[in-house]
Amino acid sequence: MLNKKQVEEIKEHLDKAQNPLFFFDNDQDGLCSFLLLQRYLGRGRGVPIRSFPELTEDYFRKIDELKADYVFILDKPLVSKEFFEKIHQINIPVVWIDHHAINREDIPDFVNYYNPLLEESDEKNYLIAPPVTYYCYQISQKKQDLWIAIIGCISDKFLPEFYAQFKKENPELCVDSDSAFDVFYKSPIGKIAMIFGFALKDRTTNVISMLKFLINAKTPYDVLDENNKNYTMHNRFKEINKKYRQLLIKAIKIGENSTNLMFFKYSGDLSISSDLSNELSYLFPEKIIVVIYVKGTKANISIRGKDIRNPLLKILEELSGATGGGHGDAVGAQVKIEDLDIFKKRLENVLGES
Ligand SMILES: [Mn+2]
């Protein structure tokens, strides 16, 4: 959790920002973090970050384009040096709120950096670190936005204490469970979370109109009920959901016949690995899930499994050009196609030893 002083500091930054630009990670936690802060402040523009693994310097031009006087970075663990150098030169304040494990030394002094993980002495705590949405709700505290806070949290596998209150007021949107993923996969509020996630994978113009729509949405039903204002968002959801279900069915078959370490590889236009690995880990909770998306010369990998982060980072260190990171039990990585077999073998070895 953010402490009182941190909440006050971030609020001061928001107050000072006349035209803030919110860069956010291209997933539900990033999106909901942005929505909470924007709706609290009543101003500011949002830009989802699609570069992986870091926020690249290409995004710098957005600051000029949108005439921003303040930059907020939400839920993105890595930002390129060049991006920060350029932003430092024009002297625009940066506030970065995150919840990933990271080296404090990698963050420039001029950046106002908030990450409650850095203050946790007990390393195990990072397995249950709340998402950035949770921190943004600590800041905004707008009761009308409770549903947005719930969506961002459950999408990152975190069931916040305020779910109980939401369930009491909206029983028809909820299920009775202590598991974030039960809520995500089995309830109407979870369906909205899924709509958000898939709709973010649309073309930029459609995503921009979705952001406008969501900034003004009053209740969860504005999203859930199809109408002419959210028609594109629903269409994109249905289109992606169809492809997603086909991939999931294939992956489930593999999972049913695999050992405790399952690999699922796919290719095509649609990169949807973290969604697939999440649902597979929900369906096969005892397994380590490795989902591999192959495109061009690179493989994007999404892994779910208890305490998987450290062994993964060790393997990546030994592969040239490989990158990755994330949380204790949910990580992403990128390796060269030609290293994929070595990567698999090393993972098998490491996990076999333990
Ligand atoms: Mn995220």
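Further up the page is the structure itself.
Right, let's walk through the structure included here.

Scoring rules and cut-offs
Residues numbered from 1 in each chain as written. Predicted model: local features only at pLDDT ≥ 70, side-chain atom pairs only at ≥ 80, totals over all residues. Heavy atoms only, no water. Helix = DSSP H or I, 4+ residues; strand = E, 2+ residues; numbered from the N terminus. Buried < 20%, exposed > 50% of the residue type's maximum accessible area, 1.4 Å probe, protein only. Donors = N, O, S within 2.8 Å, 3.2 Å for Na, K, Ca; no water. 1 Å grid on protein atoms, 1.4 Å probe; cavity = no way out; pocket = protein on both sides within 12 Å on 5 of 7 lines; lining within 4 Å. Points joined across faces, edges and corners; volume = space filled by probe spheres on them. Nonpolar A, V, L, I, M, F, W, Y, C, P; charged D, E, K, R; others polar. Right-handed = clockwise from strand over helix to strand, strands pointing away. Pairing = 2+ DSSP bridges. Axes fitted to C-alpha atoms, helices over the stretch in contact; angles between N-to-C directions. Contact = heavy atoms within 4.5 Å. Expected span 1.5 Å × (residues − 1). Arc of directions from axis to C-beta. Salt bridge = Lys/Arg side-chain N within 4 Å of Asp/Glu carboxyl O. Phe/Tyr/Trp six-rings, centres within 6.5 Å; stacked < 30°, edge-to-face > 60°. Lys NZ or Arg CZ within 6 Å of the ring centre and 35° of its normal.

Take unusual backbone geometry next. At Gln-141, a residue that is not glycine, the phi angle is positive and equals roughly 50°. Mapped onto the fold, Gln-141 is located in the loop between α5 (132–140) and α6 (146–155). Assessed through its relative accessible area of 53%, Gln-141 is described here as exposed.

The next point concerns the coordination of the manganese ion. Donor atoms from the polypeptide that coordinate the manganese ion comprise Asp-25 (OD), Asp-27 (OD) and Asp-75 (OD), at 2.1 to 2.4 Å from the metal. For the manganese ion, all donor residues lie on one chain, and their spacing in sequence is D-x1-D-x47-D. One end of the pair, Asp-25, is in strand β1 (residues 20–25); the other, Asp-75, is in the loop between β3 (70–74) and α4 (81–89), with 50 residues separating them in the sequence. Here the two residues Asp-25 and Asp-75 agree in accessibility, since each one is buried.

This paragraph deals with the layout of surface pockets. Reported here for the second largest pocket is a volume of approximately 420 Å³. For the lining of the second largest pocket, the elements supplying multiple residues, two or more each, are β2 (45–49), α3 (60–65) and α10 (204–216). In terms of residues, the lining of the second largest pocket owes the most to one element, α10, which gives six residues. Grouping the amino acids of the lining of the second largest pocket by side-chain chemistry returns nine nonpolar, three polar and seven charged.

So, on to the pairing of β2. A regular strand carries its side chains on alternate faces of the sheet. Counting buried residues along β2, four of its five residues qualify, which places the element largely inside the surrounding structure. Between the parallel elements β1 and β2, the chain passes through helix α2 (residues 28–41) in a crossover that is right-handed.

Across the sheet, which stays open at both edges, the five strands sit in the order β6-β7-β8-β10-β9 with mixed pairing between neighbours. Taken across any chain shown, the strands that pair with only one partner, and hence form the sheet edges, are β6 (261–266) and β9 (323–326). Sheet twist, expressed as the mean angle between neighbouring strand axes with direction ignored, is 15°. As paired elements, strand β8 (residues 298–304) and strand β10 (residues 330–336) share seven bridges and run antiparallel to each other. Following the sheet pairing, Arg-304 is matched in β10 by Ala-330. The strands that helix α14 (residues 309–317) touches are β8, β9 and β10; relative to β10, the one it contacts most, it runs at about 15°.

In this section: helix α1 (residues 4–16). Between its first and last C-alpha, α1 extends 19 Å over 13 residues, near the 18 Å set by a 1.5 Å rise per residue. Listing the buried residues of α1 in full gives Gln-6, Val-7, Ile-10, His-13 and Leu-14. Down the axis, α1 shows its buried residues gathered within 125° of arc, on one side only. In α1, those exposed residues whose orientation departs by more than 90 degrees from the buried face are Lys-4, Lys-5 and Lys-16.

On to the pattern of salt bridges. Tallied over the entire structure, the rule returns 15 salt bridges. Lys-238 serves as the salt-bridge partner of Glu-226, at 2.9 Å between the closest nitrogen and oxygen. With Glu-226 in the loop between α11 (220–224) and α12 (231–256) and Lys-238 in helix α12, this residue pair connects regions lying 12 residues apart in the sequence. Accessibility expressed as a relative area gives 44% for Glu-226, which makes it partly exposed. Judged by relative accessible area, which is 44%, Lys-238 ranks as partly exposed. Members of the salt-bridge network, linked through shared partners, are Arg-61, Lys-62 and Glu-65.

On to the packing of aromatic side chains, then. Inspection of the entire model under this criterion finds 23 aromatic pairs. On the numbers, 5.7 Å between centres and 80° between planes, the contact of Phe-23 with Phe-83 is edge-to-face. Of the two residues, Phe-23 sits in strand β1 while Phe-83 sits in helix α4, which places them 60 residues apart along the sequence. The pair Phe-23 / Phe-83 is uniform in exposure class, with both members buried. Just above the ring of Phe-284 sits the side chain of Lys-287; from NZ or CZ to the centre is 5.4 Å. Over the face of the ring belonging to Phe-263 we find Lys-344, whose NZ or CZ atom lies 5.2 Å from the ring centre.

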